[in-house]
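Observations on chain architecture
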Amino acid sequence: MLFLDTNAITEKGSEGLSECLKNKQDLRVFNIDNNAIGPKGAINLSAQLTTNYGLSKLYCDSNDIGEEGAEAIAECMEMMDSLKKICLENNNIRDRGVVALARALDENDTLLSLYLENNGITAVGAKEIGQVLSNKYKLSKINLNNNPLKDEGIKSIAQGLVDNDTLRVILLQNLGLTSNSIPQLSGCLQNKKFLTKLLLDGNVIGVEGARALANGIKDNETLTNLHLSDCLILEDGAQALSKALENKRNLLVLDLNNNKIMSDGCIAICKAIQTQSTLRELLLSQNYIGPGGARAVSKVLANKKYITELGLNGNGIFAEGAVALGQSLKDKKYLEVFNLKKNEIGLQGIKTLEDCLALSKTIKELNLSGNNIGDEGLEIVLKALANKKKQSL
């Protein structure tokens, strides 16, 4: 294994490194993330990696290798049948680079993880990826975050994944998706019996998209992480999604931040996950859930002994909601992150949270901004935190 990440290595350094690699024919893991080798650096290294027949993991994130660098790596990959993980995030490889990589991967039967986040890939590149994925029955992780695939592109990806029943992690954040493509994605997800993580943050799928997605994940019993922040699913979308969450007995993280699900949407979601005991992170910020939603959240927390993060920023829960939360949070000794920013809980609200803040030995991040607690409220907070001198709050 050779780890050279974050070392300010440039094209010049890659020349010496490539000479070194001539004698590393048994190299299994090569990590050169977060450097500045550029296209020519990628060409230099790829020329030597072609002699390595055992490389299983290649990390080359954030090196600005561009299209030419991706093409060089693709040529290298054509001679390797041992690659299991490829990470080329933040490299501006664009569609041209993806086309080369996809064609090189077409003959690979060992690939398990493919990471291509933030590379300017559009529907053109997605079509090539989709065609390759249709033959990658062992693929378990795919990261296409922050690429402008849009609806046309994700349809190609979904089609490529239809026959894949081993996929566990799907990262599709900020792709410019709408409700138009979610039915195709949902159909692809229906046979993903082992899916554990699904990230769709930043795609405005709306109510109809939430309904379609719910159909795709309703029969999945292995999902641990569901991220749908900034998707504008609204109250009706939350109602539909709640039905799909009822059998998620292994759910660890639920992120529905900034979706305007309102009080009734929050109540529906909370009712669906209320009996689960595995939840660690519940993120419901910027949803206007009000005191009624806060009461629903408190019921969820009642049997969540190991909750570590609770995000309720900007929900207008006021003192009434804080009172409900205070009762449920008293025994949450493992809480690490508590975000109650901009909820106008006032002095009465902070008084009800005093026991929670005092008992917790693990809080590392506490956000009470914009709550009008005054000097007396501040004294309560400071007193509660006085015994936490050894913590990195």
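Everything below is about the structure shown above.
My aim in this report is to walk through the structure given alongside it, one point at a time. (Residues numbered from 1 in each chain as written. Predicted model: local features only at pLDDT ≥ 70, side-chain atom pairs only at ≥ 80, totals over all residues. Heavy atoms only, no water.)

Within the structure shown, the criterion is met by seven salt bridges. A salt bridge links arginine 295 to glutamate 320; the shortest N-O distance between them is 2.4 Å. With arginine 295 in helix α11 (residues 290-301) and glutamate 320 in helix α12 (residues 318-329), this residue pair connects regions lying 25 residues apart in the sequence. Exposure remark for arginine 295: the relative accessible area of 38% places this residue in the partly exposed category. (Salt bridge = Lys/Arg side-chain N within 4 Å of Asp/Glu carboxyl O. Helix = DSSP H or I, 4+ residues; strand = E, 2+ residues; numbered from the N terminus. Buried < 20%, exposed > 50% of the residue type's maximum accessible area, 1.4 Å probe, protein only.)

In this fold, isoleucine 142 is placed in strand β6 (residues 141-143). The buried category is assigned to isoleucine 142, whose relative accessible area is 2%. In sequence terms isoleucine 142 and lysine 197 are 55 residues apart; their C-alpha atoms lie 11 Å from each other. Here isoleucine 142 is in contact with Leu114, Leu133, Leu167, Val169, Ile170 and Leu171, once residues within four sequence places are set aside. (Contact = heavy atoms within 4.5 Å.)

What follows is about the environment of alanine 240. Along the chain, alanine 240 falls in helix α9 (residues 234-245). When the C-alpha atoms of alanine 240 and alanine 212 are compared, they prove to be 8.9 Å apart, with 28 residues separating the residues in sequence. Leaving out residues up to four positions away in the same chain, alanine 240 has contacts with Arg211 and Ala214.

What follows covers α11. Each turn of an α-helix holds 3.6 residues, which means side chains three or four residues apart point in the same direction. With 12 residues, α11 extends 17 Å between its outermost C-alpha atoms, agreeing within 8% with the 16 Å of an ideal straight helix rising 1.5 Å per residue. If you check which residues of α11 are buried, you get Gly290, Pro291, Gly292, Gly293, Ala294, Ala296, Val297, Ser298, Val300 and Leu301. Against the buried residues of α11 lie α10 (262-273), β11 (281-283), β12 (309-311) and α12. (Expected span 1.5 Å × (residues − 1).)

You can see glutamine 173 is positioned in the loop between β7 (169-171) and α7 (182-189). Classification of glutamine 173 as buried rests on a relative accessible area of 17%. For glutamine 173, the side chain forms a polar contact with the side chain of aspartate 201, separated by 2.4 Å. Ignoring anything within four residues of it in the chain, the contact list for glutamine 173 reads Asn145, Asn146, Leu199, Leu200, Asp201 and Asn203. (Polar contact = N/O pair within 3.5 Å; in protein donor to acceptor, adjacent residues only side chain to side chain.)

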